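Descriptive structure summary
Listed here are the chains, written in short residue letters.
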Amino acid sequence: MKKDRFYYAGQGRIHELLLADLELQLLGKTFPRFELRGLYWDALIEEEYKPNLLKYSTYFKDTFKWELRQESRGLMMSDNYGPHLIYPFKGKMIPDTASVLLGINIFHLIPAFRDKVTVLDPFCGSGTILVEAMLKGNENISKIIGNEIVPFYADISKAKIKALLGDEIVPLSPDTLKEYTPNWKDPKPEDIIYALYRYSKNNKNWPKNASKRMTLVKELMDVMFHTIDKWNIEICTNVEVKVGSATNLDIPDESIDVIVTSPPYSLALNYQRENPIPPDYPKKWDPALQVESGDLDKYRLLMLMAYCEMNRVLTDDGFVAIVIGDQNVKGQRIPNVEWTKDKMQSLGFELYYEIEQMVYGARNISKDTILIFEKVSEVPSETIEFIREWKNSLLGG
């Protein structure tokens with residue numbers, strides 16, 4: 001079998017290199033090498049894998065994602081491209097991290113891409129993982145489900161999905177924006193960009209900045225659609241965003257193959273302060289089961305309930321990829337990573353892979369870690385009873 005050469009095209013972050021290596025390992029034997037032109041892998045890959053590897057991998061040159069970044073140069077902001085720029089949510093997963101975690105799990109579960117999987121993000125926030133899942137193609141994914149308890153954030157996800165499904169973004173002039181009234185019943189991308197600037201902490205010259213952002217997003221979407229067409233990618237269009245708590249998912253048992261998510265950071269990040277909800281936004285929600293709290297005991301109870309729900313909806317031998325970080329609060333370290341590993345393994349999951357990830361510009365977060373688990377059993381009945389009793393004592397039933 002002939003070796004193929006795959007050159008690394010990421011930003012030099014250690015976690016990217018390890019994830020790129022894992023991506024290739026799942027498809028064949030790999031041999032990392034280094035030369036003056038950069039780091040590369042010589043890999044023995046079956047012929048049937050290669051076309052989809054080039055279309056759907058994340059950190060290699062001469063792939064769809066590499067060309068998309070190249071074509072978007074001068075327009076991208078940080079790690080954001082295409083619909084991600086509609087609302088750069090504070091506390092979201094890096095798009096390329098979402099892409100490679102989806103790819104790793106798809107490559108693992110679909111030998112030679114002969115079958116399709118269902119994908120879930122139970123804490124979908126602004127839709128980063130949903131967008132990246134859509135780009136993995138209709139040939140690999142049968143359905144994508146996002147779940148978010150805050151309706152405004154769910155609407156951000158829906159707006160990004162609309163943009164990727166082809167809803168044209170029409171930039172509005174600064175004068176028009178001054179008199180503009182968003183349609184909060186069914187917001188479109190322009191409504192979300194309006195909210196991003198109108199209600200930001202520093203909203204000086206917001207009409208001009210919002211208008212520029214709309215134009216930028218339109219240009220980036222044009223680039224993305226051109227690259228999608230060139231690579232003959234049929235994006236997955238079967239996408240649903242549900243509004244509700246991750247502790248009580250409206251999803252049938254054993255109907256999900258892959259979960260990729262980044263749970264809330266609890267004490268480290270106030271999402272509503274960092275991503276303000278418009279004061280005239282009409283949709284309400286019950287924060288009682290919102291997995292965000294200054295109360296560490298409540299946060300851990302709700303996370304445990306959410307992890308139980310992940311087990312319930314996941315198929316046997318399905319995979320969960322979680323990005324979660326330790327926190328520093330008033331000089332005290334809160335070990336969320338070790339707690340998550342311990343609890344997930346007590347809930348019927350087996351740790352498959354672990355890698356620390358650098359967190360750039362993140363406040364109060366000492367370590368971000370990627371954890372990949374495989375479901376090996378159901379949640380033990382005694383654990384379910386323990387959670388029920390804890391919930392009754394802490395939340396009153």
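Just above, that's the structure.
The structure presented is a predicted model; accordingly, all values stated were derived computationally and were not measured.

Quick look at the overall build of the protein
Along the protein, the regular secondary structure elements total 13 helices and 11 strands. Its C-alpha atoms give the protein a radius of gyration of 21 Å, near enough to 21 Å, the size a compact globule of 397 residues would have. Seen through its C-alpha atoms, the protein measures out along the principal axes to roughly 60 × 60 × 40 Å. Across the 397 residues that make up the protein, the buried fraction comes to 58%. For the protein, restricting intrachain contacts to residue pairs at least 6 apart in sequence, the fraction spanning at least 24 positions comes to 78%. In the protein, which carries 49 positive and 57 negative side-chain charges, the distance between the mean positions of the two groups comes to 6 Å.

Regarding the pattern of salt bridges
Within the structure shown, the criterion is met by 22 salt bridges. Taking the shortest distance from any N to any O, the salt bridge between Glu-67 and Lys-230 comes out at 2.9 Å. Here Glu-67 is found in helix α3 (residues 64-71), whereas its partner Lys-230 is found in helix α9 (residues 206-230), with 163 residues between them in sequence. The closest approach of N and O atoms between Lys-242 and Glu-240, which form a salt bridge, is 3.2 Å.

What about unusual backbone geometry?
Even without being a glycine, Asn-232 presents a positive backbone phi close to 55°. Looking at where Asn-232 falls in the secondary structure, it is placed in the loop between α9 and β6 (239-243). Even without glycine at this site, Glu-254 takes up a positive phi of about 50°. For Glu-254, the position within the fold is in the loop between β6 and β7 (256-261).

Some thoughts on the packing of helix α11 (residues 296-313) against helix α13 (residues 381-395)
For the pair α11 and α13, the least separation of the axes is 11 Å and the interaxial angle reads 145°. In terms of crossing hand, the pair formed by α11 and α13 is left-handed. Here α11 contributes Asp-297, Lys-298, Arg-300, Leu-301, Leu-302, Leu-304, Met-305 and Cys-308 to the contact with α13, which in turn contributes Phe-386, Ile-387, Trp-390, Lys-391, Leu-394 and Leu-395. Looking at the contact of α11 with α13 residue by residue, the classes come out as 10 nonpolar, no polar and four charged.

Digging into the nonpolar core
Soluble globular proteins tend to bury their nonpolar side chains together. Grouped together as the largest cluster of nonpolar side chains are 92 residues, with contacts concentrated most on Leu-101, Phe-152 and Leu-164. Ranked by residue count, the leading element in this core is α9, at 10 residues. When sequence neighbours within four positions are dropped, the list of residues in contact with Leu-164 reads Val-131, Met-134, Leu-135, Met-221, Met-224, Phe-225, Ile-228 and Ile-235. Residues Phe-123, Ile-256, Leu-301 and Leu-371 belong to the second largest nonpolar core, which totals 32 residues.

A closer look at the packing of aromatic side chains
Under the counting rule described, the total for this entry stands at 18 aromatic pairs. Pairing Tyr-87 with Phe-152 gives two aromatic rings, centres 6.4 Å apart and planes at 85°, and the pair type is edge-to-face. You can see Tyr-87 sitting in the loop between α3 and α4 (95-109) and its partner Phe-152 sitting in helix α6 (residues 151-164), a full 65 residues away along the chain. For the pair Tyr-87 and Phe-152, a shared accessibility class is recorded, and that class is buried. Taking 5.9 Å as the distance between ring centres and 85° as the angle between the ring planes, the aromatic pair formed by Phe-152 and Trp-184 counts as edge-to-face. Remark: Trp-184 occurs in the loop between α7 (174-178) and α8 (189-198) and Phe-152 occurs in helix α6; sequence separation between them is 32 residues.

Notes on the side chain of Asp-368
Mapping Asp-368 onto the fold places it in strand β11 (residues 365-375). Since its relative accessible area comes to 5%, Asp-368 is described here as buried. Here Gly-325 takes part through its backbone nitrogen, which lies 3.2 Å from a polar atom of the side chain of Asp-368.

Quick word on the pairing of strand β5 (residues 141-148)
Judged by how many residues are buried, β5 sits mostly within the fold: six of eight residues are covered. Looking at chain direction, strand β4 (residues 117-121) and β5 are connected through five bridges and run parallel. Looking across to β5, one finds that Leu-120 is bridged to Ile-145. A crossover links β4 with its parallel partner β5, the connecting element being helix α5 (residues 128-134), and its sense is right-handed. Two strands pair when backbone bridges link them, and β5 and β6 are joined in this way by five bridges, in the parallel orientation. Residue Ile-144 lies in a different strand from β6, and its bridge partner there is Val-239.

Things to note about α8
Counting buried positions along α8 gives nine out of 10 residues, so the element sits mostly inside the fold. Within the sequence span of α8, burial applies to Pro-189, Glu-190, Asp-191, Ile-192, Ile-193, Tyr-194, Ala-195, Leu-196 and Tyr-197. Considering only its buried residues, α8 is in contact with α6, α7 and α9.

Comments concerning the pairing of β7
Of all the six residues making up β7, six are buried; the element is thus mostly covered by neighbouring parts of the structure. Two elements, β4 and β7, share two bridges in a ladder whose sense is parallel. Its bridge partner being in β7, Val-119 is matched across the sheet by Val-258. Where β7 lies against strand β8 (residues 314-329), five bridges are found, and the strand directions are parallel. Each bridged residue has a counterpart across the sheet, and for Val-258 the counterpart in β8 is Phe-319.

Parameters and conventions
- Residues numbered from 1 in each chain as written.
- Predicted model: local features only at pLDDT ≥ 70, side-chain atom pairs only at ≥ 80, totals over all residues.
- Heavy atoms only, no water.
- Helix = DSSP H or I, 4+ residues; strand = E, 2+ residues; numbered from the N terminus.
- Rg over C-alpha atoms; globule rule 2.2 N^0.38 Å.
- Buried < 20%, exposed > 50% of the residue type's maximum accessible area, 1.4 Å probe, protein only.
- Contact = heavy atoms within 4.5 Å.
- Lys, Arg positive; Asp, Glu negative; His and termini not counted.
- Charge placed at Lys NZ, Arg CZ, Asp CG, Glu CD.
- Salt bridge = Lys/Arg side-chain N within 4 Å of Asp/Glu carboxyl O.
- Axes fitted to C-alpha atoms, helices over the stretch in contact; angles between N-to-C directions.
- Left-handed = near helix turned anticlockwise from the far one by under 90°.
- Nonpolar A, V, L, I, M, F, W, Y, C, P; charged D, E, K, R; others polar.
- Core = buried A, V, L, I, M, F, W, Y, C linked by side-chain atoms within 4.5 Å.
- Phe/Tyr/Trp six-rings, centres within 6.5 Å; stacked < 30°, edge-to-face > 60°.
- Polar contact = N/O pair within 3.5 Å; in protein donor to acceptor, adjacent residues only side chain to side chain.
- Pairing = 2+ DSSP bridges.
- Right-handed = clockwise from strand over helix to strand, strands pointing away.

Function-wise, these values are silent; they only describe arrangement.
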